Each structure stands twice: as C-alpha cells, then as structure tokens.
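Each chain, letter by letter, is given below.
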Amino acid sequence: MRLLILYGSQTGTAQDVAEQLWRSSKSYGFEGPVLPMDDYPVHKLVEESLVLFVVATTGDGDEPENMRNFWKFLLRRSLPTNSLENLQYACLGLGDSTYAKFNYAAKKLNKRLQQLGGKQIIPLGLCDDQHDHGFGAVSLPWMDQLWQEMEKRLGIRADCREASGKVFKWQCKVLNNTTIDYKDNDHIQWPHKDEAQKFTLLANERTTDPKHFQDVRLLQFESNNERWFPGDIFQVQPHNSEQQVDEFFSWVQEHQLDFGPDTVVEVTSNFVDMPLPKCFSKPLSLRQMATYLWDLSHRPRQRAFELLALQCEDELEKEKLMEFTTTEGLDSLISYINRPRRTILEVLQDFRQASSKLTLNVLIELFSFIQPRSFSIASCMDSSKLDLLVAVVEYKTKLSKPRLGLCSNWLKSLVVGKQIFGCIKMGTMKLPKDAETPIIMVGPGTGVAPFRSVIQSRHYQLKELPNKRDPLLVLYFGCRNKNKDYHFQHDLEFWSKEGILSLHCAFSRDQESKIYVQHLIEKNAEQLQHFILEQRAVILVAGSSKNMPKSVKEAFIKVLNGQEDLIEQMIKQKRYQEETWS
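Everything numeric in this text was worked out from a predicted model, so none of it was measured.

Moving on: the overall build of the protein chain. Check the secondary structure of the protein chain and you find 20 helices and 22 strands. Its C-alpha radius of gyration of 25 Å places the protein chain within 12% of the 25 Å reference for a compact globule of 582 residues. Out of the 582 residues belonging to the protein chain, those deemed buried represent 55%. A sequence separation of at least 24 residues applies to 78% of the contacts in the protein chain between residues at least 6 apart.

Encoded structure:
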C-alpha cells in the first residue's frame, strides 16, 4: 500500500519526525516517499489516497521555506472544493507557544485540506516546544493513535514493532585505494538545492565592549552585485570547528573503530522512494563528513538512542538507551539531554560500550545534518556591503564545558578574505509600499539589524532626492549599557541628527530602575497615536522571542487606550509585524 509523507521543516526537526513516521510505516508494509512538500509535484495530490503531513511554523506564523510553493498552489481559488475528496490524511504541527501564532502553519494547512474535501484520519496534533517533554509530549501519543486508527481502518498489523529501528535510509560502502580531491567540495559546503554565491569577508569586528558579557560581531561581506531589499535575510551554512572534528576522531581512535578521517565512502539509498541528498552525489572522506555535514553540536533525539542500542552488548547501557526511546522515558531523556544541552559527541563518550560497537552504516544514520542559519541583513544594497550583526552564543550549564553556538562561533572564527557560500532570501518582514507611510521600529539588542537596513536605504534615497519630503522613521532601541552594547551607535545618532530618524534608546542598566523599550513606547503615547491612527503607520518588532514581543504589544495596546482589537486588526493587515527568534 502507498503512504505519502510530506513535511515542511525549517530547522530539521519536522523532517526528523516525518522520517520517524516513515520508518514506522515500513513495519506495516507501506511504500512511498518522505519528502519536503516543495519536492513533491503538488498537482498529483488529487491522485493520493493516504498522506501524512508534518508541519513546523516559522517566523511570524509563516510556513517553512520548503513548503511555500506547495502552500501557494493549495491556496488557488480555482481548485474545486471536492479536489481531495479521495484523500485520507493526518497532520502534525510543530510549534512554540511563546509565539502568538502558535502552530499557525499546521492549522492553516489542516483547514485548507478540509476545505478541499480531505478527510482527517485523526485530529490535528499540535506539538509545543515549551512543554517539559518537548515535541515528544504530543508527537509520540499522536503517532500511537495514528497507527491504531490505521489498523482499524485498513485491517493492517505491524510485522514487528521493533522493525522500524532497523530501517536505515543509507547504505555505506568503503572505497579502498581511492583518493579525494579536497578542493572539489562545493556540494558539501553548500549541500542544498537552491543556488548560492560565494561572498568574501571584508571585516569581522567585535562591536561590544571587551568587558561586556556578550561578544557581538559585525561581519561585512563583499556584495558581489547581488540584489536585496530591506528586511531580506542572508542564509549561511556553518561548519564544525577543527577542535570538534579532532575530538570526534580522537573518540574513533580510542574505541579502535575500523575507520578514520581518511576513510573514503560511497553512500547510496536503501529505498527507491528515498532520494539521495546532493551532498552524497560523490564519494566523501569521513573528515569531510565530520567537517561539513554532521552536526557535532546537535542535541540528539530518540532515534539516536535507538541506533546506539542496536548492537550494544552491555545490558545496563542497552536498558538505559531503550528507556530513552519510550514515552515513559521522556522525563529521563529531557533531564539527560535538554537541560544540560548535552551534544551527540558527549552522548557517544557517555555510552562507551554502545559506542565501541558502532559501524559506519549506523554512524551515518546517527548524525543529523548541519542546518543552514539565517540572519537579517543589516545594510542596504546601495552601501555595496552585506552586513550581519551576530551575537556569539556561549553559555554554561551544569556540564563543565561551555556550550557554544555552532554558527555564531564559526562566523566569529572567519578571517578577513575568507570566502563562504551564502544565499539571499526574501524576509518575512513586509515594508509599506507607500513611501509616505511612517514606520515605527522596535529592535532591542541585535533586533536592530534589519532596521539599520531600512534607515540606511532611506538615507541613500534622500541623497538622490534631497527635496523629497521624507516620512519620519521611528526607532526604539534597547540594550544594557550605552557604553558597552549600543549597536550602530554612530550610524543611528548621525541619522537622528540628519532628521531621517526619530531615535529613542533604553539603556536598561545605566540607572537604578531598569528602563526597557516598552516604557519609552508608553511615554511617547501621544506621538505614536498620531502616527498609528491618523497616518496609518506600520509597526515592526524584531528581537528575542522570550518576553519582549509580549511586553511591546501590551505597551502599544496601552498607547491605543486599550484597543486590543485594533492591534489584532493591524496584525491581520500586516501593519503590525514581529520577526523574533528564541
């Protein structure tokens, strides 16, 4: 029987969950691919009878990049309301309840499938990353319910419940006496289907005071005459550090495994319906895989422990590994992995007996691929430089070794003159088409990055049209100290003096009582009311998703005398937009 599994994934989590469903489907005898939605010919959906969807939500309630074309097609008004009347489907959403539009992409997709005649097998599942047990709190019981319902409807039974653990995507063959051209590595430096360009690094400077707790970097790249607009993003593909790669091969050597950094392998697919990724299109050395493909900083999910348990001969280790793969073991798994932010390398070092039995085939299934990272572009195209403002992630947990963000520390390590692959993509932030519309921007910390692009663009426009009446841009910027982490201070104050920008800064630690951007918003209620109510201003909010967006929204509701409905209406009209990250 055919079962199609489609996913929309931004960071790889939805793909992991979809592949978990795909492995389970094999024990029931199903055939069919697991694909990103945009890799599936959506016009053929009318021919499908059984489809599972796994959908993450990104940005301000947006669908992931790899399902946008699929979603646009489904939204066509010309589609008959009975288009999918032969389709039985189930939909699982992955979201974060700290965002206002929790699981919005999955909810929209589920509703649209029903409008087109699709019939739900089981109700929509809504996973919440904020749950103590993470996504597994909903996804695991949802999967159990799904297979129970499928058994009832289709009269099927699983051949072996444990069989799914032995379903491998890839087959690995060692190529002896084969050498690798290490310069021919574009397919692993940018292992994605979309086109990327090489960008040369012109500057990499720390913008925060050396005594400040956080290292924030301004990176400038040569623009290569690429086109972008304020609000667009720059996508990069980070690599593991030499230290991490050396640590991995020290672990390999310690366990006397029968492979090493110079082992060359050819990877093929075990299933006709599992397409081979671009990165496996040529033979690779394990050093290349460990440097460019495998995320050595990744926090492993249940699948990793399932794989480690396969050939483990130590009863105690195997018992613990199998416990981590169950619904009942989620508490233990969260305490072991999520709270201390334990990496896959540290897990391999902890489970020594299981690690000593690893084969290359298991290893290639075990590691997750490094995912691309996106950053708001902090400069406009007219500047001829592509700027990024990046906070370097480093923090401590109960483990002795500090936790380091993979991408931010990779960017920090880049030297001037280094070329990297990058891809400019349209951002989610929509600027008003009418140049006379005021823009109110709220960007604490590195959230100011996209707004520098907006203001800089306006600055260049005025140079060309000095007599043009310019609408006022308003910026609320916040940081801890004026002398330590005031990003783009020179630029912002210059534009303020030039009359391009109305600048309001909240330095939270420079006085006894803390002052945040929301306090300044409330303080300027009269001016903001005029912009919002009389000039139909657009409000853009960017920065950390933790507490700031909620506090800022509440401040604007106070400015509008408690008219929460008006803010909700502005959100629907894209007059109030948030671009936040965790």
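After that view of the structure, there is still more to cover.
A few words on unusual backbone geometry. Excluding glycine, residues mostly carry a negative phi; peptide bonds, for their part, are mostly trans. Even without being glycine, Asn225 reaches a positive phi, approximately 60°. Here Asn225 lies in the loop between strand S9 (216–222) and strand S10 (233–236). Under the relative-accessibility criterion, Asn225 is labelled exposed at 76%. You will see that Lys574, though not glycine, has its phi angle at about 65°, which is positive. With respect to the helices and strands, Lys574 occurs in the loop between helix H20 (564–572) and strand S22 (576–581). Assessed through its relative accessible area of 33%, Lys574 is described here as partly exposed.

Reading across the sheet, the six strands line up as S13-S10-S17-S8-S9-S14 and stay open at both edges, with antiparallel pairing between neighbours. Each of the sheet's edge strands pairs with one partner strand only, and the pair in question is strand S13 (373–376) and strand S14 (385–391). Averaged over all adjacent pairs, the angle separating strand axes in this sheet is 40°, with direction ignored. Pairing geometry for strand S8 (residues 197–206) and S9, over five bridges, is antiparallel.

Okay, the sheet that holds strand S21 (residues 538–544) next. One open sheet accounts for five strands, arranged S20-S19-S18-S21-S22; its pairing is parallel. Unpaired on one side and paired on the other, strand S20 (501–507) and S22 mark the two borders of the sheet. Averaged over all pairs of adjacent strands, the angle between their axes in this sheet comes to 10°, without regard to strand direction. Of the pairings in the sheet, the one linking strand S18 (residues 439–442) to strand S19 (residues 473–479) comprises four bridges and is parallel in character.

So, about the environment of Thr200. Mapped onto the secondary structure, Thr200 falls in strand S8. Thr200 sits 216 residues away from Val416 along the chain, and the two C-alpha atoms are 7.9 Å apart.

All right, on to the packing of helix H6 (residues 242–254) against helix H7 (residues 286–293) then. Viewed as axis vectors pointing N to C, H6 and H7 meet at an angle of 135°, and their least axial separation amounts to 10 Å. Viewed along their axes, H6 and H7 adopt a mutual orientation that is oblique. The two elements H6 and H7 cross, and the hand of that crossing is right-handed. On H7, the residues that touch Val245, Asp246, Phe248 and Phe249 of H6 are Leu286, Arg287, Ala290 and Thr291. Residues of the contact of H6 with H7, tallied by class, amount to five nonpolar, one polar and two charged.

According to the stated counting rule, one finds 23 aromatic pairs in the structure shown. Both rings, one in Phe53 and one in Tyr89, keep their centres 6.3 Å apart while their planes meet at 75°; by these two values the pair is edge-to-face. Linking Phe53 in strand S3 (residues 50–56) with Tyr89 in strand S4 (residues 88–95), this pair joins segments that are 36 residues apart in sequence. Side by side, Phe53 and Tyr89 carry an identical accessibility label, which is buried.

Formed by 79 residues in total, the largest nonpolar core has its most connected members in Leu146, Phe248, Met289, Trp294 and Leu363. For this core, the element with the most residues is helix H4 (residues 136–154), which contributes six residues. With residues near it in sequence (within four places) discarded, Phe248 still touches Ala290, Trp294, Leu296, Leu345, Leu363 and Phe367. The next biggest cluster of nonpolar side chains, apart from the first, holds 27 residues, and it includes Ile439, Leu475, Phe477 and Cys479.

With respect to the helices and strands, the residue Thr208 is situated in the loop between S8 and S9. At 2.7 Å, the side chain of Thr208 and the backbone oxygen of Gln214 are in polar contact. Within the structure, Thr208 has its side chain in polar contact with the backbone nitrogen of Val216 (distance 3.3 Å). Other than its neighbours up to four places away in sequence, Thr208 contacts Gln214, Asp215, Val216, Lys484, Asp485 and His487.

This structure, assessed with the given rule, holds 25 salt bridges. Between Lys553 and Glu568 there is a salt bridge, and its shortest N-O distance comes to 2.9 Å. Of the two residues, Lys553 is situated in helix H19 (residues 548–559) and Glu568 in helix H20; the sequence distance between them amounts to 15 residues. The network of salt bridges with common partners includes Arg206, Asp215, Arg217 and Lys412.

Quick look at the pairing of strand S11 (residues 264–269) now. The sheet contact formed by strand S7 (residues 170–174) and S11 spans five bridges and is antiparallel. Of the residues in S11, the one forming a bridge with Val174 is Val265. One ladder, built from two bridges, connects S11 with strand S12 (residues 284–285); its direction is antiparallel. Across the sheet, the residue bridging to Val265 is Leu284, located in S12.

Turning next to H4. A rise of 1.5 Å per residue sets the reference length of H4, with its 19 residues, at 27 Å; its end C-alpha atoms lie 26 Å apart and thus fit the reference within 8%. Along H4, the positions that sit buried rather than exposed are Gly136, Ser139, Leu140, Trp142, Met143, Leu146, Trp147, Met150 and Glu151. Buried residues along H4 sit against helix H1 (13–27), S3, S4, strand S6 (125–128), helix H8 (302–310) and helix H10 (330–338). Among the residues trailing H4, Gly155 stands out with phi positive, at a value near 65°.

When you line up the elements, Met143 lands in helix H4. For Met143, a relative accessible area of 5% translates into the label buried. Measuring from C-alpha to C-alpha, the distance between Met143 and Leu92 comes to 9.2 Å, with 51 residues separating the pair along the chain.

Glancing now at H10. Buried within H10 are the following residues: Leu330, Leu333, Ile334, Tyr336 and Ile337. Looking at the packing, one finds that the buried side of H10 touches H4, H8, helix H9 (315–324) and helix H11 (344–350).

What follows covers the packing of H9 against H10. Where H9 meets H10, the closest approach of the two axes is 8 Å, and the angle between their N-to-C directions is 100°. Relative to H10, the element H9 lies roughly perpendicular. Packed against H9, whose contacting residues are Lys320, Glu323 and Phe324, the element H10 presents Ser332, Leu333 and Tyr336 at the interface. By residue class, the composition of the contact of H9 with H10 is three nonpolar, one polar and two charged.

Cut-offs applied
- Residues numbered from 1 in each chain as written.
- Predicted model: local features only at pLDDT ≥ 70, side-chain atom pairs only at ≥ 80, totals over all residues.
- Heavy atoms only, no water.
- Helix = DSSP H or I, 4+ residues; strand = E, 2+ residues; numbered from the N terminus.
- Rg over C-alpha atoms; globule rule 2.2 N^0.38 Å.
- Buried < 20%, exposed > 50% of the residue type's maximum accessible area, 1.4 Å probe, protein only.
- Contact = heavy atoms within 4.5 Å.
- Pairing = 2+ DSSP bridges.
- Axes fitted to C-alpha atoms, helices over the stretch in contact; angles between N-to-C directions.
- Parallel < 35°, antiparallel > 145°, perpendicular 65-115°, else oblique.
- Left-handed = near helix turned anticlockwise from the far one by under 90°.
- Nonpolar A, V, L, I, M, F, W, Y, C, P; charged D, E, K, R; others polar.
- Phe/Tyr/Trp six-rings, centres within 6.5 Å; stacked < 30°, edge-to-face > 60°.
- Core = buried A, V, L, I, M, F, W, Y, C linked by side-chain atoms within 4.5 Å.
- Polar contact = N/O pair within 3.5 Å; in protein donor to acceptor, adjacent residues only side chain to side chain.
- Salt bridge = Lys/Arg side-chain N within 4 Å of Asp/Glu carboxyl O.
- Expected span 1.5 Å × (residues − 1).

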